[in-house]
Amino acid sequence: MNMQEKNISANNFEQCIKCTVCTVYCPVVPVNPLYPGPKQAGPDGERLRLKKGIYFDDTLKYCMNCKRCEVACPSGVRIGDIIQAARLKYNTQPPKLRDMILASTDLMGSIATKAAPIVNMTVGMKPVKAAMDGVLGIDKHRTFPKYSSRTFEKWFNKNVKAFQESFNRHVSFFHGCFVNYNYPQLGKDLVSVMNSIGYGVHLLDKEKCCGVALISNGMTDRARKNAAINLESIRKSVNERQMPVIGTSSTCSFTLRDEYPHLLGINNEDVRDYIELASRFIYRIVDEGKVKLVFKKDYKARIAYHTPCHMEKLGWGIFSTELLRMIPGAEVTVLESNCCGIAGTYGFKKENYHVSQAIGKPLFEQINKLRPDFVACDCETCKWQIEMSTEYAVKNPISVLAEALDLVATSEANK
Amino acid sequence: MAQARRDNEFDVIIVGGGITGAGTARDCAMRGLRVLLIERHDLATGATGRNHGLLHSGARYAVTDRESAEECIRENMILRKIARHCVEETEGLFITLPEDDLGYQAKFVESCLAAGINAEVIDPKDALRMEPSANPELIGAVKVPDGAVDPFRLTSANVIDAKLHGAKVLVYSEVTKLIKEGDTITGVEVYNAITKESAKYYAPITVNAGGIWGQRIAEMAGARINMFPAKGALLIFGHRVNNVVLNRCRKPANADILVPGDTICLIGTTSSRVPFGEVDNMYVTADEVDLLLQEGEKLAPSLATTRILRAYAGVRPLVATDDDPSGRNISRGIVLLDHETRDGIKGFISITGGKLMTYRLMAEWATDLVCKKLNIGKACRTMDTPLPGSENENIEEISKQTWAKPGTPHKATIGRHGARALNIGLKDGYDTSLVCECEEVSVGEVKYAIEELDVHNLVDLRRRTRVGMGTCQGELCACRAAGMLADAHQCTERTKNDLKNFINERWKGMYPVCWSDTLRESEYSQWIYSGVCGLEGPETHNEDNK
Amino acid sequence: MKFDTIIIGGGLSGLVCGIKLQKAGQKCAIVSAGQSAMHFSSGTFDLLGRLPDGTAVENPSEAAGRLDKGHPYSILGTEAVLKYADEAKDFFAECGISVSGDARKNSWRITPAGERKPAWLTLGDFTPLASKDEKIGNRALIVNILGYLDFNTKFLADSFEKQGTECRIAAVRLDEMERLRKNPSEMRATNIARVMDRDGIWEKAALQIKELIREEDVVVLPAVFGLKDASVVDKIRETIGVRTIFAATMPPSVPGIRTQMALRSEFEKAGGRFFLGDTVTGSECRENGEIESVGTVNFGDIRLHADNFVLASGSFFSKGMIASPSKIYEPIFGIDLNYAEGRGNWFDGCFWNRQNYISFGACTKDGLHASINGNTIGNLYVIGSLLGGSNTLYEGCGGGIAIITAMAAADSILNK
């Protein structure tokens, strides 16, 4: 008889033994008393919801999906997933126009880049901000990230694509919406760093937004469509071309790896291990002695590293910080882990603005106290939030590497 | 009945606070009698609270016991109307597995239809769509009007209504003696375990509704009823695996019913004969647990990987008619004994046999006899008068009547108390504050239960509100609720003992199934109570309950 | 990724071991699958409160010599136990955690249920009692935060009254706290502490409490102050002006969480790497049976290599051991465990009796080295509550075992 030998239920909330540790580490609980907290919203509520959908509580929308509850849980319960899955399953209200706009990062991006100067100017104007605040419910304190006038993809195809074939080793780059529409420079940095260590960089056949914002705004059908397209391209890259897929955004990587199976129910098992952050990829090949990094002799910087929530969940902050610590002139301080409060589109919503800022406050205070030269961080929305809320610039570790590496010498060393 | 009488004089005394006694008290009270209901422990502590909580369609008995099946389906339809907040209309499936004889299905359906049970053969694929947790290897399925019923709620609602009709209820009061004048029972002597006082109560009729323990009450009167104690063990799982009652379509056997009940589901039962002397001390053996799991997995394979919260056992109060060692083929039929005609003892009747499903009919029969003896011509109205709380079943509607923004705790309260939830103060933050987080039981609900529902300790509170019935089995809520009881009862020492008894009562159901997460939970509870709180054993132990 | 020592488990034991090694110059990593049992701390660490035969212990350092040979203290020897126990006080002080207590004489703590239990080290928040029946004062004012259900004022009052202390129960109400009530599950220790920690609010609370005092010579408060910074506790004491005793609450424990955070931060400040929310999935061995590396869920294909490994993964709660219906096993290395066969022998039917399963755990044949299939593993140590040989709850020695075995393992590694 072998029954109950491994009673790890598919209903993973069963493993919750009600110790309440998750609630201690939830960033929303201290600032928004309307939120019932992860234990209540997650495993506790789930038992009632399984009884009848009527027990679904609208206040679950206050969950930012940061997964800090999961990191803290001693029982391995996927609390954040349970809450998000419940929202997707039981919430019957259609998404608001505002949410649809915020969630459609790639659609908005492709329109906005075409008219970038006008869009950037318009969304920055006070009357427009007031209208967005009043009509749409996008908080007026928020500054939209600026759109680039040329997408990363365009730049890549025109300038460096052909050159990539000259390398012996290759990776695919999941650039994400941010790199493509708002900040192509990060993509350019990634290409130069990878090229310098002897890797050719390629785009996926077809890349759509990872879908994180669609998921958090309840638009799962569109998220699933994006996921299908992305996974098809990723499979081609991994299986046919033997190219792993790297990214520069912790949230995109996390979504592709874990939210697809956990929230969208899409199996990515065959390629999941081949999707990772560039910092992890580079750390590993350096650690294995496969490549060498040669840094500029005169580079000096005091860097404060902020661990984004999804990075915390991935457990990959170590790779970014260890990479940064390899820079001889860098003085790296890892900030005490604290959510910045933005959580993607969450903080842009008028109803969440104050909560969002209150959540981030301890982080901003830490940064202000430390007075670094800049903050390093693997997440673009954290970057917006920290830049909006402090005086400090935020750079992706890959951009820091690009600045600190002697690219020519590194290329030489890796030939 | 109009003349003035003393406080200890009634028209009828009902002994036993299970569902039969509660139902009889309600029926008698509704017909205008002055009723005294006496229970030695708490309401619903016996067989009433220790079964599947299945709203039988009668299908299970259709092949072997047509009369029971007919009673079941009739009462099933009545309970759906009068006890809406206690009943969940889930539907039921009788599935045939490859190892079962599919030939039984035809006979089963035919018998069901003959008994008036709407049994419908459906495609196994449709059955799986209806209940995805069912064993996908099933080869046949029959849909029947099974459902779930919460026996604690049902008993409580009957008692509430009896009280609303003037009945007096004494819990923790044990009948120590029947007062006999000549060949007539004229009253009872009662010992109250809380006040530690004895008292006498008088009535022209005493109804023995003591279930399995009714044998002893009858003995006090000088009559003999041979009860047939048949133990049935069940397992409670941590959450609902199924939303439709799952039965095996075969001759009744072990572990062939899986019932969703409130936030959990339960599989049962086993059946074994136990000596009458053991009926007060039921425990579940490792073999019974293994047997339940082995068979349960066949009904719903996911049970193999679902956490088990606890195990418990009840005793079927069957009246022995033959020496069948399994106790299964005995009739579940209602036994109404007029001891005047049977044994020459006047003023004493026994209502026994039957089952949870037919409690109302049992109460009706008993009350009819009481009325006949008292020359009262009032007709029974329990079949179409909703129980308190069941006047309205729409949770959304009820909550909107009272609260602008009902949260899950409000809705959970309505789920448990139906329309009576309107009487529960949940206006401010203090009242909605949660005591039990697993089941979402608020301070307001606990207060209501203590004040209105005859709650004397934490175990009683659990039966009325589900405090401590969730995943953690009372780990933190027990202490919170104990604080509230200490306030209400103004006795700290008693409350502390009560807390210890409660924790121990929870443990009794846990240790037979204590591995994996349940063991983790137990260790955590040990840390909290034996470690952090530094508590040691209580002075006295309560008997364990479901 | 290469370390000198990898510690599996980030609770009290793992952190003490990690800090000691890291401060001695080692490069350490701690892999912790979620937060630890420190979150449910009683506010004290116990060393030994009772012998297995039920004899109450006054002098734990002496009584440790009277334990069975399988007990972790017996494995280390009485001398070592005393040495590390003394070292522990300085250790915590260096970590900025204030503790008091003496390994040669138990003090007593007041439990949330008003009971009194032997204690060794008491966190600065709490007031250790010199004897079991010490009277805390002539008149006590027990103050709760209005609506906070995890602090049982009645139980406390009842127990103080037994010692002849006259008790009065009161509650404070703060507008800032009322905000929490919008949510039914927010009145828990840490939520209250977060509000109380804000400047101005603890002060307001303290002044309200001061106002309530009539003739009382002692004030009793729930330990819901100073989640991040213990100084709030002292400031409250100062403001109230009357002797103030903090009583432990039901979990979560504010002082316990603060201590856990302080230890983790000390470890990271010393250069240690703390991987929270990660689970070790398996290991690779060298030819001699020693552990070469471990893999984790988050690290995936990147293995964690080290010279030494310390298993501080705890007992059942934290899945250091897992029970199935038929057996108990250690899930990472499959190390040898001592436990009774047949689950009928794991439990007592009464919750309050000694439970066998609490004493199950790793058998360490040679010092604190783990064994697998009877073979001692030279570079794998077991510390803390995963160790068997003691019914820590009954004997009141869980804290001591966690701290002392951690220190002993660290020394053993350093002296290699």
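Each chain carries its own residue numbering, running from 1 in the direction its sequence is written. Ligands are numbered from 1 and chains lettered from A, in the order in which they are written. With pLDDT at 70 or above as the cut-off, local features in this predicted model cover only qualifying residues; side-chain atom pairs require 80 or more to be listed or tallied, and sums for whole chains, interfaces and linings still use all residues.

**Details of the overall build of chain C**
Moving on, step 1. Secondary structure elements follow DSSP: runs of H or I of four or more residues count as helices, runs of E of two or more count as strands, with numbering from the N terminus. Helix and strand counts for chain C come out as twelve helices and 21 strands.
Moving on, step 2. Relative to the globule expectation of 22 Å for 416 residues, the C-alpha radius of gyration of chain C, 22 Å, shows essentially globular dimensions.
Moving on, step 3. For chain C, the C-alpha atoms occupy an extent of roughly 75 × 45 × 40 Å along the three principal directions.
Moving on, step 4. Burial is judged by counting other C-beta atoms within 10 Å of a residue's own C-beta: 20 or more means buried, 12 or fewer means exposed, and anything between counts as partly exposed, with every C-beta placed from the backbone. Within chain C, the fraction of its 416 residues that count as buried is 60%. Only the C-alpha atoms count toward the radius of gyration. The rule for a globule is 2.2 Å times the residue count to the power 0.38.

**As for the overall build of chain B**
Moving on, step 1. A tally of helices and strands in chain B yields 18 helices and 23 strands.
Moving on, step 2. A compact globule built from 546 residues should have a C-alpha radius of gyration of about 24 Å, and chain B, at 23 Å, falls within 12% of that.
Moving on, step 3. Projecting the C-alpha coordinates of chain B onto the three principal axes gives extents of approximately 65 × 60 × 50 Å.
Moving on, step 4. Within chain B, buried positions represent 66% of all 546 residues.
Moving on, step 5. Within chain B, counting contacts between residues at least 6 apart in sequence, those at least 24 apart form 72% of the total. Note on contacts: each residue gets a C-beta atom placed from the backbone, and two residues are in contact if those atoms are within 7 Å.

**What to know about the interface of chain A and chain B**
Moving on, step 1. Across the contact, 26 residues belong to chain A and 33 residues belong to chain B.
Moving on, step 2. For the side of chain A that touches chain B, the class distribution of residues is eleven nonpolar, eight polar and seven charged. Side-chain classes follow a simple rule in which Ala, Val, Leu, Ile, Met, Phe, Trp, Tyr, Cys and Pro form the nonpolar group, Asp, Glu, Lys and Arg form the charged group, and the remainder, Gly included, forms the polar group.

**Brief notes about the environment of C:Glu134**
Residues and elements named next belong to chain C.
Moving on, step 1. As for its placement among the helices and strands, Glu 134 is situated in the loop between strand S7 (121-123) and strand S8 (139-145).
Moving on, step 2. The exposure class of Glu 134 is partly exposed, given the 14 C-beta atoms found within 10 Å.
Moving on, step 3. A sequence separation of 65 residues divides Glu 134 from Lys 69, and the C-alpha atoms of the two residues are 35 Å apart.

**Section: the confidence of the model for chain B**
Moving on, step 1. The predictor attaches a confidence to each residue, and that confidence, scored 0 to 100, is pLDDT. Chain-level pLDDT for chain B is 91 on average; 95% of the residues reach the 70-or-more range.
Moving on, step 2. For residues 541-546 of chain B, every residue scores under 50 in pLDDT, and the model assigns this stretch 15 contacts once sequence neighbours within four places are set aside.

**What to know about helix H14 (residues 443-452) of chain B**
Residues and elements named next belong to chain B.
Moving on, step 1. With respect to burial, H14 is a largely interior element, seven of its ten residues being buried.
Moving on, step 2. Taken together, the buried positions of H14 are occupied by Val 443, Gly 444, Glu 445, Val 446, Tyr 448, Ala 449 and Ile 450.
Moving on, step 3. Elements that come into contact with the buried residues of H14 comprise helix H12 (408-417), helix H13 (429-432), strand S22 (434-436), strand S23 (441-442), helix H15 (458-465) and helix H16 (477-489).
Moving on, step 4. Once H14 finishes, Asp 454 follows within two positions and takes phi at roughly 55°, a positive value.

**A closer look at the sheet that holds strand S1 (residues 169-174) of chain A**
Residues and elements named next belong to chain A.
Moving on, step 1. In spatial order, the strands read S2-S1-S3-S4; together these four strands make up an open sheet with parallel pairing. Each edge of the sheet is formed by a strand with only one pairing partner; in this case those strands are strand S2 (199-203) and strand S4 (275-277). Within the sheet, the average angular offset between the axes of one strand and its neighbour, ignoring direction, is 40°.
Moving on, step 2. A pair of strands is considered paired only if DSSP assigns at least 2 bridges between the two. Sheet topology places strand S3 (residues 245-247) next to S4; three bridges connect them, and they run parallel. Looking at S4, one finds that Ile 246 is bridged to Glu 276.
Moving on, step 3. Fitting a line to C-alpha atoms yields each axis, with helices limited to the stretch in contact; the angle taken between N-to-C directions then spans 0 to 180 degrees. Packed onto the sheet, helix H14 (residues 250-263) meets S1, S3 and S4 and runs at close to 160° relative to S4.

**Observations regarding the nonpolar core**
In globular proteins that are soluble, nonpolar side chains generally tend to be buried together.
Moving on, step 1. Judged by nonpolar contacts, the single largest core of 441 residues is most densely connected at B:Val12, B:Ile14, B:Val35, B:Leu235 and B:Ala481.
Moving on, step 2. Considering each element in turn, this core owes the most residues, ten residues, to helix H12 (residues 398-414) of chain C.
Moving on, step 3. Note that the domain bounds reflect an automated or database-derived domain assignment. Residue-level mapping places this core at the junction of two domains, with at least three residues from each of domain 1 (2-106 + 257-414) and domain 2 (127-247) of chain C.
Moving on, step 4. In this structure, B:Ala481 is in contact with B:Val435, B:Val446, B:Leu458, B:Leu461 and B:Val467, ignoring residues within four places of it in sequence. By convention the nonpolar core is taken to be a set of buried residues drawn from Ala, Val, Leu, Ile, Met, Phe, Trp, Tyr and Cys and joined through C-beta atoms within 7 Å.

**Some remarks on the domain arrangement of chain C**
Moving on, step 1. As assigned here, chain C comprises domain 1 (2-106 + 257-414) and domain 2 (127-247).
Moving on, step 2. Taken together, the contact between domain 1 of chain C and domain 2 of chain C spans six residues of the former and seven residues of the latter.

**Here's the deal with unusual backbone geometry**
Moving on, step 1. A cis amide bond links B:Gly268 with the next residue in sequence, B:Thr269, at an omega value of -10°.
Moving on, step 2. Examined against the element boundaries, B:Thr269 turns out to sit in the loop between strand S17 (264-268) and strand S18 (272-273).
Moving on, step 3. Going from C:Pro251 to C:Pro252, the amide bond is cis rather than trans, its omega being -5°.
Moving on, step 4. Along the chain, C:Pro252 falls in the loop between strand S11 (243-247) and helix H10 (254-269).

**Here we look at the packing of H14(B) against H15(B)**
All names here are of chain B.
Moving on, step 1. In the contact formed by H14 and H15, the axes pass within 10 Å of each other and the chain directions differ by 115°. Relative to H15, the element H14 lies roughly perpendicular. Handedness of the H14/H15 crossing: right-handed. Residue-level contacts link Glu 445, Val 446 and Ala 449 of H14 to Leu 461, Arg 464 and Thr 465 of H15.
Moving on, step 2. Of the residues that constitute the contact of H14 with H15, the class distribution is three nonpolar, one polar and two charged. Should an angle fall under 35 degrees it is taken as roughly parallel, and over 145 as roughly antiparallel, whereas 65 to 115 is taken as roughly perpendicular and any remaining angle as oblique. Helix crossings get a hand from a simple test, with the near helix turned counterclockwise from the far one by less than a right angle marking a left-handed crossing and a clockwise turn marking a right-handed one.

**A short note on the interface of chain C and chain B**
Moving on, step 1. With 43 residues of chain C in contact, the opposing surface of chain B contributes 44 residues.
Moving on, step 2. No other element matches the three residues that helix H5 (residues 153-162) of chain C contributes to the side of chain C that touches chain B.
Moving on, step 3. In the side of chain C that touches chain B, the residues fall into 23 nonpolar, eleven polar and nine charged.

**Side note on the environment of B:Ala311**
Residue and element names in this part refer to chain B.
Moving on, step 1. Residue position: Ala 311 is located in strand S19 (residues 308-319).
Moving on, step 2. Overall, Ala 311 belongs to the buried group, with 26 C-beta atoms counted inside 10 Å.
Moving on, step 3. Along the backbone, Ala 311 and Ile 267 are 44 residues apart, and their C-alpha atoms lie at a distance of 9.7 Å.
Moving on, step 4. In this structure, Ala 311 is in contact with Ala 233, Leu 235, Val 284, Val 289, Gly 509, Pro 512 and Val 513, ignoring residues within four places of it in sequence.

**As for the pairing of strand S12 (residues 273-276) of chain C**
Residues and elements named next belong to chain C.
Moving on, step 1. Across the two faces of S12 the burial is the same, with Arg 273 and Phe 275 and Phe 274 and Leu 276 all buried.
Moving on, step 2. The sheet contact formed by strand S2 (residues 28-32) and S12 spans four bridges and is parallel. Considered in S12, the bridge of Ala 29 is made with Arg 273.

**Considerations on the pairing of S2(C)**
Residues and elements named next belong to chain C.
Moving on, step 1. Counting buried positions over the five residues of S2 gives five, a clear majority of the element.
Moving on, step 2. Burial of S2 is two-sided: the residues Cys 28, Ile 30 and Ser 32 facing one way and the residues Ala 29 and Val 31 facing the other way are all buried.
Moving on, step 3. Here strand S1 (residues 2-8) pairs with S2 via four bridges, running parallel. Bridge pairing in S2 links Ile 6 to Ala 29.
Moving on, step 4. Handedness of the β-α-β unit built from S1, helix H1 (residues 12-23) and S2 comes out right-handed. Place the viewer so that the strands point away; then a crossover is right-handed whenever the path from the first strand over the helix to the second strand goes clockwise.

**With respect to the sheet that holds strand S5 (residues 301-305) of chain A**
Residue and element names in this part refer to chain A.
Moving on, step 1. Spatially, S6-S5-S7-S8 is the arrangement adopted by the four strands of the open sheet, whose pairing is parallel. Looking at strand neighbours, the two that pair on one side only are strand S6 (330-334) and strand S8 (394-395), the edges of this open sheet.
Moving on, step 2. In this sheet, S8 lies alongside strand S7 (residues 374-376) in parallel orientation, the contact comprising two bridges. By the bridge assignment for S8, Ala 376 is matched with Lys 395.

**Re the packing of H1(C) against H10(C)**
Residue and element names in this part refer to chain C.
Moving on, step 1. Two elements in contact, H1 and H10, have axes separated by 9 Å at closest approach and are oriented at 25°. Judged by the inter-axis angle, H1 sits roughly parallel to H10. As for how H1 packs across H10, the hand of that crossing is left-handed. Listed contacts from H10 to Leu 15, Gly 18, Ile 19 and Gln 22 of H1 are Leu 263, Arg 264, Glu 266 and Phe 267.
Moving on, step 2. For the contact of H1 with H10, the class distribution of residues is four nonpolar, two polar and two charged.

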